[in-house]
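Here are the chains, one letter per residue:
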Amino acid sequence: MGIAILGTGSALPEKILTNFDLEKMVDTTDEWIRKRTGMRERHIGEKETVASLAATACKRALENAGRTADSVDLIIVATCTTEMLLPCAACRVQNMLGAEHAIAFDINAACGGFLFALNTAHHYIASGACKNALIVGSEVLSEIIDWTDRGTCVLFGDGSGAVYVEDTGTEDGSGITGMSQGSNGMAGSMLYCRGRVVKGETEPEINSEDLLVHMNGGEVFKFAVRQVPVCIKKALDMAGLKPEDIDLYILHQANKRIIESIAKSLKTDIERFPMNIEKTGNTSSASIPILLDELNREGRIKKGQRIMLSGFGAGMTFGACAMVW
Ligand code: UT7
């Protein structure tokens, strides 16, 4: 059995917000943002929603895989910014695609969500419950960002990335070879967003700040550079590989310096860590599949190459997945 990604797709909102635009909104500079994060611009959803972006990314992934919506068994949307509590984004995507035979549900593991969704789909397929799945990371983070807080508002962008995964039934060695994931709820206060008014917790006064993202950036940074290499090593062990055996590390695009530090910790050449953070910012659960789609469409991922996906996010959550393309 080979459970492999056969197609990728992505969708980004039309509107672009540059560092120079942010200079006019908060006390920051293009130079500070570029040096401290690697970002120059990000996309911001205006008319686009989590579900509409996800549906577009899914259509592109299906086209790329040469499959149609009516044959999809499972749709999992990883998101922490869905515009409706009910129904879930995945069910709305199912409706938009006309994927009437699919099981559809959401996962919220914040920026780690895509890997959690991929891992879940892998188990569904490996158990025989499903033959294929559409896995999507989709976010409109701009809705929950405090646009007066320079410590967070310069970092995030909106977008969606999807992969189509299938049990290929072949034994050619391609597909997922190792997975690792974990959570640390004890560190949850590093990055949180209450998101709505909760009786007894946000009373008596509703503070609009309760509805927005709060982050201790330095602590999140330290968490990521410590935890992600450990998680990657677990997935490598499961696949029987060493860090140098991986051709491409496709990591959550949170900060260029975090990625450089992880490369150093794994004693691996930074050239193997492609990035698109400059143009997208941190799109949370969407960042890994958006980058994967970009590389796939540019022909930068070759058949037989060993790929590692890894990310981390609020929760705190973290995950890694090794595969042969
Ligand atoms: O998906 C997971 C989501 N979160 C993350 O991945 C966040 C991880 N953390 C980071 O990426 C970095 O910690 C940040 C980019 C958020 C901040 O970078 P840093 O190098 O850790 O800066 P810092 O927080 O230590 O702040 C250094 C200085 C401070 O000024 P003082 O106290 O030294 O005078 C900040 O107030 O930089 C200031 N600062 C800014 N200056 C200009 C913070 N944000 C900005 C800004 N523009 N946007």
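Residues numbered from 1 in each chain as written. Predicted model: local features only at pLDDT ≥ 70, side-chain atom pairs only at ≥ 80, totals over all residues. Heavy atoms only, no water.

Here we look at the pairing of strand β5 (residues 103-107)
Here's step 1: Sheet analysis places strand β4 (residues 74-78) next to β5, joined by five bridges and oriented parallel. The partner of A78 across the bridge, within β5, is I107.
Here's step 2: In this view, the connection linking β4 to its parallel neighbour β5 by way of helix α4 (residues 89-97) has right-handed handedness. (Pairing = 2+ DSSP bridges. Helix = DSSP H or I, 4+ residues; strand = E, 2+ residues; numbered from the N terminus. Right-handed = clockwise from strand over helix to strand, strands pointing away.)

So, the sheet that holds strand β13 (residues 317-324)
Remark on secondary structure: sheet strands pair via backbone hydrogen bonds, oriented parallel or antiparallel.
Here's step 1: In spatial order, the strands read β8-β13-β12-β11; together these four strands make up an open sheet with mixed pairing. Edge positions in the sheet fall to β8 (175-183) and β11 (248-251), since each has one partner strand and no second. Within this sheet the neighbouring strands show an average axis-to-axis angle of 15°, counted without direction.
Here's step 2: This element, helix α10 (residues 287-297), spans β11 and β12 (306-313) of the sheet and lies at about 140° to β11. (Axes fitted to C-alpha atoms, helices over the stretch in contact; angles between N-to-C directions. Contact = heavy atoms within 4.5 Å.)

Concerning the sheet that holds strand β6 (residues 132-139)
Here's step 1: Strand order in this open sheet of five strands is β1-β7-β6-β4-β5, and the pairing throughout is mixed. This sheet does not close on itself; its edge strands, each paired only once, are β1 (3-11) and β5. Each adjacent strand pair in this sheet contributes to an overall mean axis angle of 15°, direction not counted.
Here's step 2: In the sheet, β1 pairs with strand β7 (residues 159-167) via eight bridges, with the strands oriented antiparallel. Bridge pairing in β7 places T8 opposite V163.
Here's step 3: Sheet strands touched by helix α3 (residues 50-65): β1, β6 and β7. Its angle to β1, the strand with the most contacts, is close to 130°.
Here's step 4: Running at roughly 170° to β6, helix α5 (residues 113-126) makes contact with β1, β4, β5, β6 and β7 of the sheet.

Focus: the site of the ligand
Here's step 1: By nearness alone, 24 residues border the ligand, and T28, R36, R150, H252 and N255 come closest of all.
Here's step 2: Take N255: an N or O atom from its side chain is 2.7 Å from an oxygen atom of the ligand.
Here's step 3: Take R257: an N or O atom from its side chain is 2.9 Å from an oxygen atom of the ligand.
Here's step 4: Here the ligand, which alone exposes 940 Å², has 69% of that area covered by the protein.
Here's step 5: If you list the elements that add at least two residues to the shell around the ligand, you get α2 (30-37), α6 (150-153), α7 (217-239) and α8 (256-265). (Near = heavy atom within 4 Å. Polar contact = N/O pair within 3.5 Å; in protein donor to acceptor, adjacent residues only side chain to side chain. Areas by Shrake-Rupley, 256 points an atom, 1.4 Å probe, with all protein chains shown as cover.)

Let's talk about empty space enclosed by the protein
Here's step 1: By the definition in use, this model includes one cavity of 30 Å³ or more.
Here's step 2: Roughly 30 Å³ of internal volume is contained in the largest cavity.
Here's step 3: Residue lining of the largest cavity: V228, L251, H252, I258, I259, I262, S310, G311 and F312, and that is the complete set.
Here's step 4: Looking at the lining of the largest cavity, the elements that each hand over two or more residues are α8 and β12. (1 Å grid on protein atoms, 1.4 Å probe; cavity = no way out; pocket = protein on both sides within 12 Å on 5 of 7 lines; lining within 4 Å. Points joined across faces, edges and corners; volume = space filled by probe spheres on them.)

Looking at the pattern of salt bridges
Here's step 1: Tallied over the full model, the rule gives 15 salt bridges.
Here's step 2: With a closest N to O distance of 3.8 Å, D172 and K303 form a salt bridge. Placement of the pair is D172 in the loop between β7 and β8 and K303 in the loop between α10 and β12, with a sequence separation of 131 residues. (Salt bridge = Lys/Arg side-chain N within 4 Å of Asp/Glu carboxyl O.)

A word on unusual backbone geometry
Here's step 1: The residue after L86, namely P87, is reached through a cis peptide bond having omega -10°.
Here's step 2: Within the fold, P87 resides in the loop between β4 and α4.
Here's step 3: The linkage connecting G315 with the following residue, M316, adopts the cis geometry, with an omega of 0°.
Here's step 4: The backbone of A110 sits at a positive phi, close to 50°, despite the residue not being glycine.
Here's step 5: By the element assignment, A110 lies in the loop between β5 and α5.

Topic: the nonpolar core
Here's step 1: Core analysis: the biggest nonpolar cluster contains 45 residues, and I232, Y249, I262, F273, M308 and F312 have the highest contact counts within it.
Here's step 2: Of all the secondary structure elements, the ones that give two or more residues to this core are α7, β11, α8, β12 and β13.
Here's step 3: When residues of this core are assigned to domains, at least three fall in each of domain 1 (3-167) and domain 2 (175-324).
Here's step 4: In contact with F312, other than residues within four places in its own chain, are C111, G112, V220, A224, V228, H252, A254, I258, T317 and F318.
Here's step 5: Ranked by size, the runner-up nonpolar core spans 33 residues in total, among them I76, A78, C130 and C321. (Core = buried A, V, L, I, M, F, W, Y, C linked by side-chain atoms within 4.5 Å. Buried < 20%, exposed > 50% of the residue type's maximum accessible area, 1.4 Å probe, protein only. Domains from an automatic or database assignment.)

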